[in-house]
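# Residue-level structural notes
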Amino acid sequence: MTRQFTVKVPGTSANIGPGFDVVGLSLSLHLTLTVTVPAASEQPHLAPVITYSGEGADEVPLDAYKNLTTRVALYVLRCNGIRFFPPGLKLHAHNEIPFGRGLGSSGAAVIAGVILGNELGQFNLTKERLLDFALMVERHPDNVTAALIGGFVGSYLRELDEADTEAASVPLSEVLPEYPPDAGEDWGLNPPPPPAGIGHYVRFGWSEPIKAIAIIPRFELSTAKAREVLPSMYTRKDLVFNLQRLAVLTTALAQNPPDPDLIYEAMKDRVHQPYRKTLIPGLPEVTSCITPTTHPGLLGICLSGAGPTILALATTNFEKIAEDARKIFRAQGIEVDWKVLTIAGGSQVNNS
């Protein structure tokens, strides 16, 4: 019989102020795959047919050997003894997550691929094992963990023994190689499987009244470029500054009612935002001019992931906060869009 199922993965925001590479937050923007697997047949192997709608539809590769989600799915399949996609496989992706804006589009694509591979192979992998596969492709745990688990999540990478360290250090180009134009069905067999238990996480509480305003400039900023501007060393003073605030923030965002004075200060950062302001004109002005005093209902404001999106956490006054941020960016010659988002649950699979 033909089988059909959907995979729904939320977008995410990482860092959340002082939590650089540590915390992530799932948001109510989704990447949804609708998957049709035909009944088993003797027909020759055919590459999957991919269609795509929504954000990024005009730039996403529709070749299953070049598309990030299907390449990740094939990685999971091959690590578990299945060489090919099922013949006649059809995928439709509908995406609500803007590309290159710091809202977790690549993390969602990776998690969608890991879940797709698990469902196609019917491996029944645990969430922990799915995370291992994701971390072999996306080496920072904050976005992929939040996309898989949902909510407000803290994560870390386990210190590995020598053998596992070697396995986890395989270059990404070998884990998930770019398929050459002349790649055939047998190309890229026997990829390196992930060690077990690479990533560990905890889900923090979240106060229900808090929503996230995503203020999204109309330009892309690659994570690689945003990382290039960061220093290789930090002062003890700056690290203590962030650690103190992160320790407070993870509890403060669960309290009801949330305390704006506590949260606003706890969302400040000295590890990544000061260095990225040159890449995002208007960032210093937005984060300093929009405060709980000037805009009641605001709790805190920060860069979303590597940017350029600004994330404002608030309980009321969403439109005023967003429109005043728009004015600040417009003075810098930058137009923005904005959305009020809720905190989403984790990834879901629904069988038709």
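Here the structure is a predicted model, which is why all the values come from computation and not from measurement.

### With respect to the pairing of strand E1 (residues 3–15)
Taken residue by residue, a regular strand's side chains alternate between the two faces of the sheet. Pairing geometry for E1 and strand E2 (residues 19–37), over 13 bridges, is antiparallel. Paired with threonine 12 across the bridge in E2 is serine 26. Counting the residues in the hairpin turn of E1 and E2 gives three residues, including isoleucine 16, whose phi is positive at 45 degrees. The pairing of E1 with strand E11 (residues 348–351) spans four bridges and is antiparallel. Across the sheet, residue phenylalanine 5 finds its bridge partner in E11, namely asparagine 351.

### Looking at the UniProt feature "domain: GHMP kinase N-terminal" (unreviewed entry) in the chain
Annotation from UniProt places "domain: GHMP kinase N-terminal" (unreviewed entry) at residues 67–151. Along residues 67–151 one finds 58% helix and 7% strand; the C-alpha atoms at either end are 27 Å apart.

### Focus on the nonpolar core
One finds Val35, Leu120, Leu311 and Leu313 to be the most contacted residues of the largest nonpolar core, which totals 70 residues. Among the elements that line this core, the one with the most residues is helix H2 (residues 105–121), at nine residues. Contacts of leucine 120, omitting those with residues within four sequence positions, involve Phe5, Val35, Val37, Leu77, Phe85, Pro86 and Leu89. Listed in part, the 25 residues of the second largest apolar core include Ile213, Leu283, Phe318 and Ala322.

### Observations regarding the UniProt feature "domain: GHMP kinase C-terminal" (unreviewed entry) in the chain
UniProt records the feature "domain: GHMP kinase C-terminal" (unreviewed entry) for residues 258–327 in the present numbering. Regarding residues 258–327, the helix share stands at 40% and the strand share at 16%, and the terminal C-alpha atoms are separated by 27 Å.

### A few points about the packing of H2 against helix H4 (residues 141–149)
Between H2 and H4, the least distance of the axes is 9 Å, while the angle of their chain directions is 55 degrees. By the criterion of interaxial angle, the relationship of H2 to H4 is oblique. Handedness of the crossing formed by H2 with H4: right-handed. In this structure, H2 contributes Gly107, Val110, Ile111 and Ile115 to the contact, and H4 contributes Val144, Ala147 and Leu148. Broken down by class, the residue content of the contact of H2 with H4 amounts to six nonpolar, one polar and no charged.

Calculation notes
Residues numbered from 1 in each chain as written. Predicted model: local features only at pLDDT ≥ 70, side-chain atom pairs only at ≥ 80, totals over all residues. Heavy atoms only, no water. Pairing = 2+ DSSP bridges. Helix = DSSP H or I, 4+ residues; strand = E, 2+ residues; numbered from the N terminus. UniProt positions renumbered as here; feature names shortened; annotations may be inferred. Core = buried A, V, L, I, M, F, W, Y, C linked by side-chain atoms within 4.5 Å. Buried < 20%, exposed > 50% of the residue type's maximum accessible area, 1.4 Å probe, protein only. Contact = heavy atoms within 4.5 Å. Axes fitted to C-alpha atoms, helices over the stretch in contact; angles between N-to-C directions. Parallel < 35°, antiparallel > 145°, perpendicular 65-115°, else oblique. Left-handed = near helix turned anticlockwise from the far one by under 90°. Nonpolar A, V, L, I, M, F, W, Y, C, P; charged D, E, K, R; others polar.

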